[in-house]
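Reading the structure
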Amino acid sequence: MELFNALPIGITLLYSLGAALFIGGMLGVRPGLKKAAGVASGAGFGLHTISLALFFNQMGYSGFLEGGFHLSLLGWVLLAIFFTLWWRLKLDFLALAASPLALLLYLSSVTLPGSKVLMPKALAGSFFMLHIGSLFFSLAFLAMAFAAGVLFIHLERKIKTKEKLTGFRKDLPSLNTFDRANYHAVVFGFPLYTVGLLSGFIWGRFAWGRIVTGDPKEVVSILIWLVYAYLFHQRLAVGWRGRKAALLAIAVFLFSVLSLVVVNFMMPSHHNFMQIS
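About the cut-offs
Residues numbered from 1 in each chain as written. Predicted model: local features only at pLDDT ≥ 70, side-chain atom pairs only at ≥ 80, totals over all residues. Heavy atoms only, no water. Phe/Tyr/Trp six-rings, centres within 6.5 Å; stacked < 30°, edge-to-face > 60°. Helix = DSSP H or I, 4+ residues; strand = E, 2+ residues; numbered from the N terminus. Buried < 20%, exposed > 50% of the residue type's maximum accessible area, 1.4 Å probe, protein only. Patch = residues over 30% accessible without salt bridge, like charges linked within 9 Å, V, L, I, M, F, W, Y side chains within 5 Å. Areas by Shrake-Rupley, 256 points an atom, 1.4 Å probe, with all protein chains shown as cover. Salt bridge = Lys/Arg side-chain N within 4 Å of Asp/Glu carboxyl O. Contact = heavy atoms within 4.5 Å.

Focus on the packing of aromatic side chains
- Counted under the stated rule, the structure contains twelve aromatic pairs.
- Taking the centre distance of 5.7 Å and the plane angle of 85° together, the rings of Phe22 and Phe82 count as edge-to-face. Taken together, the positions of Phe22 in helix α1 (residues 2-27) and Phe82 in helix α3 (residues 67-89) put the pair 60 residues apart, joining distant regions of the chain.
- With a centroid separation of 4.7 Å and an interplanar angle of 35°, the aromatic rings of Phe146 and Phe253 are classed as tilted. Here Phe253 lies in helix α8 (residues 243-266) and Phe146 lies in helix α5 (residues 121-160), a separation of 107 residues in the sequence.
- Judged by its relative accessible area of 8%, Phe253 is buried.
- Grouping aromatic residues by their ring pairs yields a cluster made of Phe22, Phe45, Trp76, Phe82 and Phe83.

Details of a nonpolar patch on the surface
- Side chains of Val219, Ile222, Leu223 and Leu226 sit close together on the surface and give an oily, nonpolar patch of about 340 Å² of accessible area.
- Positionally, Leu223 belongs in helix α7 (residues 216-238).
- Judged by relative accessible area, Leu223 falls into the exposed class, the value being 51%.

Here we look at the environment of Leu74
- If you trace the backbone, Leu74 turns up in helix α3.
- The class for Leu74 is buried, based on a relative accessible area of 6%.
- Along the backbone, Leu74 and Phe137 are 63 residues apart, and their C-alpha atoms lie at a distance of 7.8 Å.
- When neighbours within four sequence positions are excluded, Leu74 is seen to be in contact with Leu105, Phe136, Leu139 and Leu260.

This is the structure in structure tokens:
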């Protein structure tokens, strides 16, 4: 129990250190700081993994219905995808979005009041893995697309205006690398978002007796899906590349964050995290 109570402090400190070092290493063009940031964030990720495992061991599948746990898991998934892309594709610049966002999500999960989502116990485990898991991986991929899109727009503007690249911009990868990161994020993220959305409607049938209840989260999620589907189609079928794809990926991510913040915290909804059970 003492270990369980001490873990949030260690995770917060390591994530904070990792985020600060990543930003400092990128902006100051100091590879040593980026390596130190990777060690700190990796250690925090390890403690975070232990924390989630202990929470599951203590609470079982009922813990999956806790609002704070959702945010903690989302932060964990975000870093898991970042570390995978860093390892496989050497896209360390994604840390500019992944590390601070993971820290913010974890801090929010620690301070969030307890909330419950209605769900038959027999379906809690399987539907959590399908609905919440799919959506969270999709959002994490969107965060990566957002970071790649922002840097693509920034670097493209510098190149078009023939402005001299200074500081961290000199070490940024090519525009094609940013576009490739955006492409992979969309290709993997949209199918996951679709699975998460469909399983959510099935969840609603069991929990509230109707597939579509008119809940604000449902309406916003469908609108996001439509824009996301358009981006997915344009990238794969039409062959969109570059600025248009970057801008639309940024928009989809911002809409998703707006949905998470406004609907889950500020509006009456089945998904409101501030409802204390």
